[in-house]
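# Coordinates in review
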Amino acid sequence: SSGCVDCESGKVAAKTTASTECEKCASPKASRHGATNCSECVEGYYSDHGICLDCPEVGVYCPAGTKLENIILKPGYWREDTSTTKILECAANPAACRGGRNGSSYCQDHTHGPYCAICDRDYWMTPEADRCQSCDDTNSFGVASGILIGVASFIVILLLVQMGLKYKGAAFGKQYIKAKRKYFRLKTKLKITATFAQVAASFPGQF
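Everything numeric in this text was worked out from a predicted model, so none of it was measured.

Rules used in this analysis
- Residues numbered from 1 in each chain as written.
- Predicted model: local features only at pLDDT ≥ 70, side-chain atom pairs only at ≥ 80, totals over all residues.
- Heavy atoms only, no water.
- Helix = DSSP H or I, 4+ residues; strand = E, 2+ residues; numbered from the N terminus.
- Buried < 20%, exposed > 50% of the residue type's maximum accessible area, 1.4 Å probe, protein only.
- Contact = heavy atoms within 4.5 Å.
- Areas by Shrake-Rupley, 256 points an atom, 1.4 Å probe, with all protein chains shown as cover.
- pLDDT = per-residue confidence, 0-100.
- Core = buried A, V, L, I, M, F, W, Y, C linked by side-chain atoms within 4.5 Å.
- Polar contact = N/O pair within 3.5 Å; in protein donor to acceptor, adjacent residues only side chain to side chain.
- Disulfide = S-S within 2.5 Å.
- Salt bridge = Lys/Arg side-chain N within 4 Å of Asp/Glu carboxyl O.

### Looking at the overall build of the protein
Each helix and strand counted, the protein has 2 helices and 14 strands in total. Looking at the protein as a whole, 26% of its 207 residues qualify as buried. Excluding contacts between residues fewer than 6 apart, the proportion of contacts in the protein whose partners are at least 24 apart in sequence is 26%. Surface exposure of the protein reaches about 13,700 Å², of which carbon and sulfur atoms provide 56%.

### Concerning unusual backbone geometry
Negative phi values dominate among residues other than glycine, just as trans dominates among peptide bonds. Residue Pro 28 is bonded to the preceding Ser 27 through a cis peptide linkage, with omega at 10°. Inspection of the secondary structure assignment puts Pro 28 in the loop between strand 2 (22–24) and strand 3 (29–30). Although it is not a glycine, His 110 adopts a positive phi angle of roughly 70°. Turning to its location among the elements, His 110 is positioned in the loop between strand 10 (88–89) and strand 11 (111–112).

### Section: the confidence of the model for the protein
Residue-level pLDDT values for the protein average 78, and 63% of them are 70 or greater. Low pLDDT (under 50) marks residues 202–207, which in the prediction has 6 contacts with non-local residues, meaning those over four places away or in another chain.

### Points about the nonpolar core
Counting residues in hydrophobic clusters, the biggest one holds 16 residues, and the most contacted among them are Val 60, Ile 71, Leu 73, Trp 78 and Cys 116. The residues touching Ile 71, leaving out its near neighbours within four places in the chain, are Tyr 46, Pro 56, Val 60, Tyr 61, Cys 62, Thr 66, Arg 79, Gly 100 and Arg 101.

### Some points on the environment of Asp 120
Among the structural elements, Asp 120 can be located in the loop between strand 12 (118–119) and strand 13 (123–125). By relative accessible area, Asp 120 is classed as partly exposed at 27%. Separated by 2.8 Å, the side chains of Asp 120 and His 112 make a polar contact.

### Digging into the state of the cysteines
On inspection of all chains with the given rule, the structure shows 7 disulfides. For Cys 25, the disulfide goes to Cys 38, at an S-S distance of 2.0 Å. In this structure the cystine formed by Cys 25 and Cys 38 twists about its S-S bond by roughly -90°; its chirality is therefore left-handed. Within this pair, whereas Cys 25 is found in the loop between strand 2 and strand 3, its partner Cys 38 is found in the loop between strand 3 and strand 4 (40–41), the two being separated by 13 residues in sequence. Since its relative accessible area comes to 23%, Cys 38 is described here as partly exposed. Here Cys 107 pairs with Cys 116 through a disulfide, and the sulfurs are 2.0 Å apart. Its S-S torsion of approximately -80° makes the covalent link between Cys 107 and Cys 116 left-handed.

### Concerning the pattern of salt bridges
Enumeration according to the criterion identifies 3 salt bridges in this entry. Glu 8 is paired through a salt bridge with Lys 11; the nearest N and O atoms lie 3.9 Å apart. Judged by relative accessible area, Glu 8 falls into the partly exposed class, the value being 47%. A salt bridge links Asp 109 to Arg 98; the shortest N-O distance between them is 3.5 Å. With Asp 109 in the loop between strand 10 and strand 11 and Arg 98 in the loop between strand 10 and strand 11, this residue pair connects regions lying 11 residues apart in the sequence.

Take a look at the structure:
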């Protein structure tokens, strides 16, 4: 006589013990290989407290064995938590909603909240509304402009030292005034250039 058998996926043992026959699960119920009961659902359905329900029509995947809490969201969609089937489209910032099956990671890094539209502390949303960028990154232009102004100031100091060695009395005073005017004009231009570069970087598609 034949011994006990492990049933293939989609079938279960006809009896709970010493079974030699397998019975097919009633659709949309399903089972894994060797299972003794039809506790899962086929593709296109999800299980909620043992009941197989139609997968939401928009924004999700429901492979075989899906449960309510691990429905797979497509990129560009979001849901409030893993206990709801209300799937919402991230129309304003689709790139911020990466989807997936893990409720704690529906949003891209450093984003959270409804539609993944809120940035974590010390981050800000880029004009394209596709990601949250560290506030530290926005200071790079300020640092760069500060360095440029510092270099310009150092050059002016060197020029003044040279002028002090070359000119005396009234002649030095005239040259000092000229150098001072040139320095302030250069400083203003550097600030304008740095500000424009920062604005341009915020709108890469426009410049």
